[in-house]
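# Examining the three-dimensional arrangement
So you can see what is in the structure, the chains are spelled out below.
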Amino acid sequence: MTTRIPAAEMTGLYGGLVERMARRMVGNVPDGVAVLWHNKKVMNFSLGVGRKVKKWDRCDENLKAFANMAVAAFVGCEFCLDYGYFEAHNKGLDVRKAREVPRWRESDAFTSLERDVMEYAEAMSSTPPTVTDELSARLLDALGPAALVELTAHIAFSNFATRSNIALGVRSEEYAASCDLAPLAVASKS
């Protein structure tokens, strides 16, 4: 067992349905889903909000993927970082850049807008948040209000997911490795 709360046995018709959907989406039932099965209301909320977040379409998908992975790297959720990389691959996003997210400050792979997005993700994830008026103004100018609102909510949801996974002890399930993706870049210790 890698999680802090043991996985629950997913039983009944609904359990079978959840297992089937998970296997279709990622090839297995993630540990986090089996842990959440202990409280189906929480599981339904988490999965339901996640499905709704994926339907938002006012902000570029690559930017949202980089923001999500930047939150995961900053907060330390190895599951979210691995899954984000895997999902970028499956969505046909820029996997070369996604691989570099953990070391975005050192990498020359990113545009200034992408760097601002990842800085914003980290600033929102800090306690207390450290978002500045200047950073917000640059993003508003580059993205427009609808996309910036979406990006902000996306990062907030990423924080909900990453922090929940860390607290529950959910770890990487090697999704990216199962696709033969190159290992994620590692930030240098400065």
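Shown above is the structure to which this text applies.
Residue positions are given per chain, counting from 1 as you read along its sequence in written order. In keeping with the model being predicted, local features are shown solely for residues with a pLDDT of at least 70 and side-chain atom pairs are shown and tallied solely at 80 or more, while totals for entire chains, interfaces and linings include all residues. Processing note: side-chain calculations cover all non-hydrogen atoms of the structure and skip hydrogens and water entirely.

Patch construction takes residues with relative accessible area above 30% that form no salt bridge. Like charges are linked within 9 Å, and nonpolar side chains (Val, Leu, Ile, Met, Phe, Trp, Tyr) are linked within 5 Å. Only the protein chains shown count as cover for residues, with accessible areas throughout obtained via the Shrake-Rupley method and a probe of 1.4 Å. Note on definitions: salt bridges are taken to be side-chain nitrogens of Lys or Arg within 4 Å of carboxyl oxygens of Asp or Glu. Taken together, the side chains of Tyr14, Leu17 and Met21 present a nonpolar region at the surface, about 240 Å² in accessible area. We count a stretch as a helix when DSSP gives it H or I for four or more residues in a row; a strand needs E for two or more, and each element gets its number in order from the N terminus. Relative to the helices and strands, Met21 resides in helix H1 (residues 12–26). Judged by its relative accessible area of 31%, Met21 falls in the partly exposed class. Note on exposure labels: buried denotes an accessible area under 20% of the residue type's maximum, exposed denotes more than 50%, and partly exposed covers the range between, all computed with a 1.4 Å probe on protein chains only.

This part is about the packing of helix H3 (residues 40–55) against helix H9 (residues 145–168). It is the contact of H3 with H9, at a shortest axis distance of 11 Å, that shows an interaxial angle of 150 degrees. When the axis of H3 is compared with that of H9, the two are roughly antiparallel. Considering the relative orientation of H3 and H9, their crossing is left-handed. Residues Phe45, Ser46, Val49, Gly50 and Val53 of H3 lie in contact with H9, whose contacting residues are His154, Phe157 and Phe160. Working convention: axes come from line fits to C-alpha atoms, limited for helices to the stretch in contact. Angles between N-to-C directions cover 0 to 180 degrees. What sets the label is the angle itself: under 35 degrees gives roughly parallel, over 145 gives roughly antiparallel, 65 to 115 gives roughly perpendicular, and the rest give oblique. The handedness criterion is simple: a crossing whose near helix is rotated anticlockwise from the far helix by less than a right angle is left-handed, and one whose near helix is rotated clockwise is right-handed. Residue contacts are defined here by distance: any two heavy atoms, one from each residue, within 4.5 Å place the two residues in contact.

With that settled, consider the environment of Leu93. With respect to the helices and strands, the residue Leu93 is situated in the loop between helix H5 (78–90) and helix H6 (95–100). Among residues more than four places away in sequence, those in contact with Leu93 are Glu61, Asn62, Ala65 and Ala88.

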